[in-house]
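Listed here are the chains, written in short residue letters.
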2 protein chains.
Amino acid sequence: MTIITVVGAGVMGSALTFPASDNGHEVRLVGTHLDEEIIRSCQANRFHPRLRRPIPEDVKPYFHTQVGEALQGAEVVVIGVNSRGVHWAAEAIGPHLQPGQILLMVTKGLESTPEGTLVVLPDVLHDRLPAAIRDQVHYAAIGGPSIAGELAARHPTAVVFVSRKAEILPRLQALFATPYYHIWTSTDMIGVEVCVALKNPFALAVGLAAGLVEARDPDIANAKMHNYAAAIFAQGLAETAYVVQLMGGQLETVYSLPGAGDLYVTTQGGRNSRMGRLLGLGKPYSDAVEEMPGETIEGVDAVIAIMPAIQHMVSTGKIAPDALPLLRELHRILTRNAPIEIDFDTFFSKLPFSPPLPVRKG
Amino acid sequence: MTIITVVGAGVMGSALTFPASDNGHEVRLVGTHLDEEIIRSCQANRFHPRLRRPIPEDVKPYFHTQVGEALQGAEVVVIGVNSRGVHWAAEAIGPHLQPGQILLMVTKGLESTPEGTLVVLPDVLHDRLPAAIRDQVHYAAIGGPSIAGELAARHPTAVVFVSRKAEILPRLQALFATPYYHIWTSTDMIGVEVCVALKNPFALAVGLAAGLVEARDPDIANAKMHNYAAAIFAQGLAETAYVVQLMGGQLETVYSLPGAGDLYVTTQGGRNSRMGRLLGLGKPYSDAVEEMPGETIEGVDAVIAIMPAIQHMVSTGKIAPDALPLLRELHRILTRNAPIEIDFDTFFSKLPFSPPLPVRKG
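Rules behind the numbers
- Within every chain, residues take consecutive numbers counted from 1 along the sequence as written.
- Chain letters start at A and ligand numbers start at 1, both assigned in the order the entries are written.
- Thresholds applied to this predicted model are a pLDDT of at least 70 for local features of residues and 80 or more for the giving and counting of side-chain atom pairs; totals over whole chains, interfaces and linings are not thresholded and use all residues.
- Side-chain metrics rest on all non-hydrogen atoms present in the structure, leaving aside hydrogens and water.
- Buried, partly exposed and exposed residues are distinguished by accessible area as a fraction of the type maximum, computed with a 1.4 Å probe on protein chains only: under 20%, between the cut-offs, and over 50%, respectively.
- Each helix is a run of H or I in the DSSP string that is no shorter than four residues. Each strand is a run of E no shorter than two, and both are numbered from the N terminus.
- Paired strands, as defined in this entry, are two strands with at least two bridges between them according to DSSP.
- The handedness rule is simple: strands pointing away from the viewer, and a clockwise path from the first strand over the helix to the second, make the crossover right-handed.
- We call two residues contacting when some pair of their heavy atoms lies within 4.5 Å.
- By buried area we mean how much accessible surface two parts lose on assembly, using a 1.4 Å probe and totalling the loss over both.
- For this document, the term salt bridge refers to a Lys or Arg side-chain nitrogen within 4 Å of an Asp or Glu carboxyl oxygen.
- The term polar contact refers here to a pair of N or O atoms within 3.5 Å; inside protein, the definition further demands a hydrogen-donor-capable atom paired with an acceptor-capable atom, and it admits residues adjacent in sequence only when both atoms are side-chain atoms.
- Lines are fitted to the C-alpha atoms to define the axes, a helix being fitted only along its stretch in contact, and any angle between axes, read from their N-to-C directions, falls within 0 to 180 degrees.
- Think of a nonpolar core as a cluster: buried Ala, Val, Leu, Ile, Met, Phe, Trp, Tyr and Cys residues, connected wherever their side-chain atoms sit within 4.5 Å.
- The criterion for an aromatic pair is that two Phe, Tyr or Trp rings (for Trp, the six-membered ring) have centres within 6.5 Å, with stacked assigned to planes under 30 degrees apart, edge-to-face to planes over 60 apart and tilted to the rest.
- Least-squares superposition of the copies uses the C-alpha atoms of those residues scoring a pLDDT of at least 70 in each of them.
- Every angle not falling under 35 degrees, over 145, or within 65 to 115 is termed oblique; those three ranges are roughly parallel, roughly antiparallel and roughly perpendicular.
- A crossing counts as left-handed when the near helix is turned anticlockwise from the far one by less than a right angle, and as right-handed when that turn is clockwise.
- In this classification, the charged set is Asp, Glu, Lys and Arg, the nonpolar set is Ala, Val, Leu, Ile, Met, Phe, Trp, Tyr, Cys and Pro, and all remaining amino acids, among them Gly, are polar.

Draft legend 1. Seen up close, the pairing of strand β6 (residues 76–79) of chain B. Residue and element names in this part refer to chain B. Both faces of β6 are covered, namely the face carrying V76 and V78 and the face carrying V77 and I79. Sheet analysis places strand β1 (residues 3–7) next to β6, joined by four bridges and oriented parallel. Its bridge partner being in β6, V6 is matched across the sheet by V78. By the bridge criterion, four bridges tie β6 to strand β7 (residues 102–105) in an arrangement that is parallel. Of the residues in β7, the one forming a bridge with I79 is M105. The β-α-β motif built from β6, the intervening helix α4 (residues 86–93) and the parallel element β7 has right-handed crossover chirality.

Draft legend 2. Region of interest: the interface of chain B and chain A. Contact with chain B, which involves 76 residues of that partner, is made by 76 residues of chain A. Of all residues in chain B, the largest losses of buried area upon contact with chain A belong to B:W184, B:N227 and B:Y255, amounting jointly to 13% of the total for that side. Where chain B packs against chain A, one counts two salt bridges. The partner of B:R53 in a salt bridge is A:D219, and the shortest N-O contact between them spans 2.7 Å. The tally of links from chain B across to chain A stands at 24 residue pairs in polar contact (both at pLDDT 80 or more).

Draft legend 3. Expanded view of the side chain of A:T107. Residue and element names in this part refer to chain A. Here T107 shows up in the loop between β7 (102–105) and β8 (110–112). Only 3.3 Å separates the side chain of T107 from the backbone oxygen of I79, close enough to count as a polar contact. Polar side-chain contacts of T107 include one of 2.7 Å to the backbone oxygen of V81. Those residues within four positions of T107 in sequence are excluded, and the remaining contacts are I79, G80, V81, N82, S83, V86, L121 and E193.

Draft legend 4. Layout of the sheet that holds β6(B). Residue and element names in this part refer to chain B. The strand order across the open sheet built from eight strands is β5-β2-β1-β6-β7-β10-β11-β12, with neighbouring strands paired in mixed fashion. Two strands in the sheet have a free side with no partner beyond their single neighbour: β5 (60–62) and β12 (181–186). Direction aside, neighbouring strands of the sheet carry axes that sit 25° apart on average. Across three bridges, strand β2 (residues 26–30) lies against β5 in parallel orientation. Looking at β5, one finds that V30 is bridged to Y62. Each of β2 and β5 is contacted by helix α2 (residues 36–45), which is oriented at about 145° to β5, the strand it contacts most.

Draft legend 5. Focus on the pairing of strand β11 (residues 157–162) of chain A. Residues and elements named next belong to chain A. Counting buried residues in β11 gives six out of six residues, a clear majority hidden from the surface. Going residue by residue along β11, you find T157, V159 and F161 tucked away on one face and A158, V160 and V162 tucked away on the opposite face as well. Across three bridges, the pairing between strand β10 (residues 138–143) and β11 is antiparallel. Considered in β11, the bridge of I142 is made with F161. Pairing of β11 with strand β12 (residues 181–186) involves six bridges; the strand directions are parallel. Note that in β12 the partner of T157 across the bridge is Y181. You can see the chain leave β11, run along helix α8 (residues 169–176) and come back into β12, and the turn it takes is right-handed.

Draft legend 6. Representation of the nonpolar core. Of all hydrophobic cores here, the largest spans 200 residues; its most connected members are A:L129 and B:L129. Excluding its chain neighbours within four sequence positions, the residues that come into contact with B:L129 are B:A90, B:I93, B:G94, B:L97, B:L103, B:R134, B:V137 and B:Y139. Among the nonpolar cores identified, the runner-up in size contains 38 residues, and B:F18, B:V27, B:F63 and B:V106 belong to it.

Draft legend 7. Broad picture of helix α12 (residues 257–267) of chain B. Residue and element names in this part refer to chain B. Where burial is concerned, most of α12 is hidden: eleven out of the eleven residues are buried. Inspection of α12 places L257, P258, G259, A260, G261, D262, L263, Y264, V265, T266 and T267 among the buried residues, and these make up the whole buried set. Just downstream of α12, G269 is the residue with a positive phi angle, here 150°.

Draft legend 8. Structural context of the sheet that holds strand β2 (residues 26–30) of chain A. All names here are of chain A. Taken together, eight strands build an open sheet; the order of strands is β5-β2-β1-β6-β7-β10-β11-β12 and the sheet is mixed. Where the open sheet ends on each side, the last strands, each with one partner, are β5 (60–62) and β12. Shown here is a sheet whose adjacent strand axes are inclined to one another by a mean of 25°, direction ignored. Of the strands in this sheet, β10, β11 and β12 are in contact with helix α9 (residues 189–215), which crosses β10 at around 45°.

Draft legend 9. The arrangement of the packing of aromatic side chains in detail. All names here are of chain B. With the rule as written, the count across this model stands at 18 aromatic pairs over all chains. Relative to F176, the ring of F161 lies with its centre 5.8 Å away and its plane at 65°, an arrangement referred to as edge-to-face. Taken as a pair, F161 in strand β11 (residues 157–162) and F176 in helix α8 (residues 169–176) lie far apart in primary sequence, 15 residues in all. Comparing F161 with F176 shows no difference in burial state: the two are buried.

Draft legend 10. Spatial organisation of the environment of A:V11. Residue and element names in this part refer to chain A. Mapped onto the fold, V11 is located in helix α1 (residues 11–22). Placed 305 residues apart in sequence, V11 and T316 show a C-alpha to C-alpha distance of 40 Å. Excluding its chain neighbours within four sequence positions, the residues that come into contact with V11 are R50, L51 and A148.

Draft legend 11. Region of interest: the relation of the copies chain B and chain A. Least-squares fitting of chain B to chain A yields an RMSD of 0.0 Å, with the transformation described by 0.0 Å of translation along the axis and a rotation of 180°. Taken together, these values place the two copies in the relation of a two-fold axis. Judged by C-alpha distance, B:Y255 is the residue of chain B that lies nearest the rotation axis, at 3.0 Å. A high fraction, 100%, of the interface residues of chain B reappear at the interface in chain A, so the copies pair face to face through one surface.

Draft legend 12. Just the packing of helix α12 (residues 257–267) of chain A against helix α10 (residues 226–246) of chain B, in detail. Direction vectors running N to C along α12(A) and α10(B) enclose 140°, while the axes themselves pass 8 Å from each other. With respect to each other, α12(A) and α10(B) are oriented oblique. Crossing angle aside, the handedness with which α12(A) passes α10(B) is right-handed. Contacts between α12(A) and α10(B) involve A:L257, A:A260, A:G261, A:Y264 and A:V265 from the former and B:H226, B:N227, B:A229, B:A230, B:A231, B:F233, B:A234 and B:L237 from the latter. Of the residues in the contact of α12(A) with α10(B), the class split is ten nonpolar, three polar and no charged.

Draft legend 13. Examining unusual backbone geometry more closely. A positive phi is found at A:R46, a non-glycine position, where the angle reads about 65°. Secondary-structure assignment places A:R46 in the loop between α2 (36–45) and β3 (47–48). Positive phi is not limited to glycine here, since B:F348 has a value of about 60°. As for its position among the elements, B:F348 is in the segment after α16 (325–336). In this structure B:F348 comes out as buried when scored by relative accessible area, which is 3%.

Draft legend 14. Geometry of the packing of α10(B) against α16(B). Residue and element names in this part refer to chain B. For the pair α10 and α16, interaxial distance at closest approach is 8 Å and the crossing angle is 110°. By the angle between their directions, the pair α10 and α16 is classed as roughly perpendicular. Residue-level inspection shows I232, Q235, G236 and E239 of α10 in contact with α16, the latter providing P325, L326 and L327. Residue composition of the contact of α10 with α16, by class: four nonpolar, two polar and one charged.

Draft legend 15. Looking closely at the side chain of A:T253. Counting through the fold element by element, A:T253 comes out in helix α11 (residues 251–254). Classification of A:T253 as buried rests on a relative accessible area of 0%. When sequence neighbours within four positions are dropped, the list of residues in contact with A:T253 reads A:D188, A:G191, A:V192, A:C195, A:P258, A:G259 and B:F353.

In structure tokens, the structure reads:
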């Protein structure tokens, strides 16, 4: 009997218990200190209040105080905390890890180091684990379009499992793959992790269009602003490609599931889109955030986490000052309460296109 | 005074009269034999019934019988017919073209030659024009996310103008660029034209998910099938990249405006999406097409036009038999009334991912 322990009982970690359980493994779901209600509900009547459905019959719910017990004997430890919880997760699981365990991250994000470089979350986790164990375990992550509620409904879902250690991937794939959960594998850790981190801010930016059109007087022919949204979608993907290549990842990761697929699905709803709409309606960020109390907007966190490294790379000449205009505009909007002024003409400057003419400005 | 003549008074050709007219040019709009109602309406009260708004005051409407007069002295001739109209357009304008005129195509599509190669529409047009003039005019095209009704509403729109003749691009850009119509230029004719042609069938395929979820019993937590749609979106973009590279185009075109941006916008509504939904509901193609009488579904036409060349390239070993599984599945659905059986596990086989395990099938 293979044991799979999921740490973090939010929607994504909990959704992964479905394919794992369907494959007959012993599955343990550990709530963080933020998930006590969820675990209580799962223990009482097996109902997951955020997924709004029962968890699989044989999934065992644990409180965070029981994390040591829950990790005992696990072959795979899924890290399902949100991007703010990685440091907590490292502290919580560190003392209980056993050599050979696989840490499979679904948490999305990037961090800037004090030295001004960007680090993917599996590497952040590695650096935060106790020195004695950090090189005795394996690191993997999941990228690709995967709305948790759909995976839990056993609707078709296609993802990429990534690890720098190719030899662990077939095993992980075999543990989780089901007829509805389609898993490709890749060793492009940088590409996948940059894609999953950047899709949140760029989906937020795509969402601006919905608010902008709502805030206008209705058009005579009811025209929307999908062209505006699509230009941002394209620039978001182009900026993702730029960062992936800068960090040594593969371009193929960008124009397939982890990049384009995940950005697409993230624009189809969720918290990042809702924040984008509020900003598009003309609300300053400080007001918009009050309309979404208690919600973690990962796109906002990602921009704030990434920007110090970007600014450092600009200042040291590693990237051009005109690179990443959309990411920098998002940073301005989210940290300075700035009104939205997307300057499309700054887009696509790293591609083999000639830019718009300055002559027609204004 | 620069004269710009648009041939084809459908929504896209007509929408281009807005930036052209805003820039102070003399703009002439010529209906095809299918557009007589539109031209009559424009002449009578300036109202464009398909754009559902008035055309700009100084745009001059012409019937197709007046095409010679309308082309006289034009610097640019916009070809705004649909993909079935290119041969007609070549015959209609051929006798009236003057050396040095620029033909700017907004028509989207690809054709297979009898020899089994794929040809982009500007080259089809070239080959159909009278020999005496075909090399005396210039060819250009527009790619990128551009819903016509939004351009006509003067909502922000970002596109790429493409020509193999780089020297004509700054002039075209200057003629059409406005504060709401953002134009990049590119010489990657193959990349742009393959992207604009393939986005229609792939948007149709993305639309299947909407029908599939409607056809099911409602899920307990109202789960949709965006993961399914996103996997198809990603595979569509990956297949676009495959064809672009096969034909010698540039990858950057795929992960920016002409590829990802235009595919995104096309999934947000329109005829291809509606056809996808009908097929997803379980209707055979022959029934679905009866629910959309008189409508040209460009995604359907594109698949049927492209497939002979694909099959020829497979048979001659130019492409692998397992390449383009989504395009081939669409062909099966659209030409054999086949039920939808998307085999996700055939996807992404040309990328540096390891595929799903056969062990878990069924």
